[in-house]
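Observations on chain architecture
One-letter residues, chain by chain:
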Amino acid sequence: MPLSKALNAGMRRAMENDPKVLLMGEDIGKLGGVFRVTEHLQRDFGDRRVLDTPLAESGIVGTAIGMAMVGYRPVIEIQFDGFVFPAFDQITTQLAKLTNRHEGAISMPIVIRIPYGGHIGAVEHHQESPEAYFAHTPGLRVVSPSTPNDAYWMIQEAIASNDPVIFMEPKSRYWQKGEVELDASAVPLHSSRVVRTGSDVTLVGHGAMVTTLLQAAALAEAEGTSCEVVDVRSLSPVDYEPILDSVRKTGRMVYAQEAQGFGSIGGEIAATVMERAFYALEAPVLRVSGYDTPFPPAKLEGAYLPDADRILEAVDRSLAY
């Protein structure tokens, strides 16, 4: 099924299993969301569990915090990545800190779903990658699925978490289809995973970029280079062991992401790999990212966002050391 339908199925299953799970967001009810991720859920569960909210992101998050305090498990949709910033204060100064502020006496089982990234030809505020802001904030868990199967299971695991989870959904992959295992999750929520084995270079990324890394690995194989691909999946906390094990095997690593390079997830992971696997490296860890500018207009996004060619150029530079 497509990734969007897998998310829908995962939320449906969570709502069936727990009557305290409810959905909130702009146009998520009758419309089913801009990307139709919540399609038919209001029809099947009613408008008291799938709530169409006013256009007020700060109010949505603040309301969810109050509902979590009295036992509900709200799942919020932010319509587009660039619209999360009106709620940034609520998320980073309230939601992220409340459990610590109360010395663990209360929990905040809230999921904030954020469609993010490019490749859909959208306008300003509709294509951004703000994941580093949230990963930098203690008290928040941050995850991003790259496949329909991960989307199905990770949304359920996020809803079951007693901590707030920022759930980053790669919007360019909403229509990408894949097999979904409905019986058992393959790996826990906060786990990295090797999705292609190789021996020469380790390619690492998250979200939509994982598909691009796999494309680059296939092209590299045709040229005689074996690339291993690791899907980070969880951006906070990061499961480093699969990444480190791969780097110790290949001796080289390239991290790719749609977000800007400065102060990013890729930079943090690259630094940690340099610290913890320094003597295994045959070359510096290299990064491929969006440029340190705002996401550009739709006509320029192809030049801004990393593609297989830019990744392969980094692979060649790594092998040249």
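Residues numbered from 1 in each chain as written. Predicted model: local features only at pLDDT ≥ 70, side-chain atom pairs only at ≥ 80, totals over all residues. Heavy atoms only, no water.

**Brief notes about the overall build of the protein chain**
Stated formally: Every helix listed is a DSSP run of H or I at least four residues long, and every strand listed is a run of E at least two residues long, numbered separately from the N terminus. All radius of gyration figures rest on C-alpha atoms, and the globule criterion is 2.2 Å times the number of residues raised to 0.38. Exposure is judged per residue with a 1.4 Å probe applied to protein chains only, and the accessible area is read against the type maximum: over 50% gives exposed, under 20% gives buried, and values in between give partly exposed. Note on contacts: a residue pair qualifies if any of its non-hydrogen atoms lie within 4.5 Å across the two residues. Computed by Shrake-Rupley with a 1.4 Å probe, the accessible areas treat only the displayed protein chains as cover when residues are assessed. We score Asp and Glu as negative and Lys and Arg as positive, and we do not count His or the chain ends. Note on charges: their place is set at NZ of Lys, CZ of Arg, CG of Asp or CD of Glu.
The number of helices and strands found in the protein chain is 12 helices and 12 strands. A compact globule built from 321 residues should have a C-alpha radius of gyration of about 20 Å, and the protein chain, at 19 Å, falls within 12% of that. Taking the principal axes of the C-alpha coordinates as reference, the protein chain spans close to 60 × 45 × 40 Å. Evaluated residue by residue, the protein chain yields a buried proportion of 56% over its 321 residues. Contacts spanning at least 24 positions in sequence make up 79% of the contacts within the protein chain whose residues lie at least 6 apart. Total accessible area on the protein chain is roughly 13400 Å²; 53% of this is exposed by carbon and sulfur atoms. On the protein chain, the mean spot of the 28 positive side-chain charges and the mean spot of the 41 negative ones are 4 Å from each other.

**Considerations on the pairing of strand 6 (residues 165-170)**
The cut-off we apply is this: Strand pairing is defined by DSSP finding a minimum of two bridges between the two strands. With its strands directed away from the observer, a crossover is right-handed exactly when the path from the first strand over the helix to the second travels clockwise.
Burial of strand 6 is extensive: 6 of the 6 residues sit out of reach of the surface. Every second residue of strand 6 is oriented toward a common face, with V165, F167 and E169 on one face and I166, M168 and P170 on the other, all of them buried. As paired strands, strand 4 (residues 111-116) and strand 6 are joined by 6 bridges and run parallel to one another. In the sheet register, I114 faces strand 6, and the bridge partner there is M168. Here strand 5 (residues 141-143) runs beside strand 6; their pairing, made up of 3 bridges, is parallel. Across the sheet, the residue bridging to R141 is V165, located in strand 6. For the crossover from strand 5 across helix 7 (residues 148-160) to strand 6, the handedness is right-handed.

**Brief notes about the sheet that holds strand 11 (residues 253-260)**
Strands pair in a sheet through their backbones, by hydrogen bonds, and they do so in one of two ways: parallel or antiparallel. Put simply, the test is: Think of each axis as a best-fit line through the C-alpha atoms, taken over the contacting stretch in the case of a helix, with angles from 0 to 180 degrees between the N-to-C directions.
Pairing is mixed across the open sheet formed by 5 strands, whose spatial order is 7-9-8-11-12. The strands lining the two open edges of the sheet, one partner per strand, are strand 7 (193-196) and strand 12 (286-290). Across the sheet, the axes of successive neighbouring strands diverge by a mean angle of 25°, strand direction being ignored. As paired strands, strand 11 and strand 12 are joined by 4 bridges and run parallel to one another. Residue pairing across strands places V254 opposite L286, the latter belonging to strand 12. In this fold helix 10 (residues 265-276) packs onto strand 11 and strand 12, with an angle of close to 155° to the strand it touches most, strand 11.

**Brief notes about the sheet that holds strand 6**
Pairing is mixed across the open sheet formed by 7 strands, whose spatial order is 2-1-3-4-6-5-10. Strands with a single pairing partner mark the edges of an open sheet, and in this sheet they are strand 2 (50-52) and strand 10 (234-236). The sheet shows a mean angle of 20° between the axes of neighbouring strands, taken without regard to direction. Contacts between helix 7 and the sheet are confined to strand 1 (21-25), strand 3 (73-77), strand 4, strand 5 and strand 6, with strand 6 contributing the most and set at about 165° to the helix.

**Some words on helix 8 (residues 209-222)**
Note the threshold: Here the expected length of a helix is defined as 1.5 Å per residue gap, with one fewer gap than residues.
Taking 1.5 Å per residue as the helical rise, helix 8 with its 14 residues ought to reach 20 Å, and the 20 Å between its terminal C-alpha atoms agrees with that figure. As for helix 8, its buried residues are in contact with strand 7, strand 8 (201-205), strand 9 (227-231), strand 11 and helix 12 (308-320). At the C-terminal side of helix 8, G224 shows a positive phi close to 95°.

**Here's the deal with the UniProt feature "domain: Transketolase-like pyrimidine-binding" (unreviewed entry) in the protein chain**
Cut-off, in case you're wondering: UniProt positions are given in the numbering used here, feature names are shortened, and annotations may be inferred rather than shown by experiment.
In the numbering used here, UniProt assigns the "domain: Transketolase-like pyrimidine-binding" (unreviewed entry) feature to residues 1-176. Here residues 1-176 runs as 36% helix and 16% strand, with 8 Å between its end C-alpha atoms.

**Things to note about the packing of aromatic side chains**
For the record, the criterion: Whether two aromatic rings pair depends on their centres lying within 6.5 Å, for rings of Phe, Tyr and Trp, where Trp uses its six-membered ring; planes under 30 degrees apart make the pair stacked, over 60 edge-to-face, and the rest tilted.
Applying the stated criterion to the full structure yields 13 aromatic pairs. Pairing F88 with F134 gives two aromatic rings, centres 5.7 Å apart and planes at 55°, and the pair type is tilted. With F88 in helix 4 (residues 88-95) and F134 in helix 6 (residues 131-135), this pair connects stretches of sequence that are 46 residues apart. Overall, F88 belongs to the partly exposed group, its relative accessible area being 25%. Judged by its relative accessible area of 0%, F134 falls in the buried class. Note on F278 and Y279: the rings are 5.3 Å apart at their centroids and 85° apart in plane angle, and the pair reads as edge-to-face. Taking the relative accessible area as the measure of exposure, Y279 reaches 81% and is therefore exposed.

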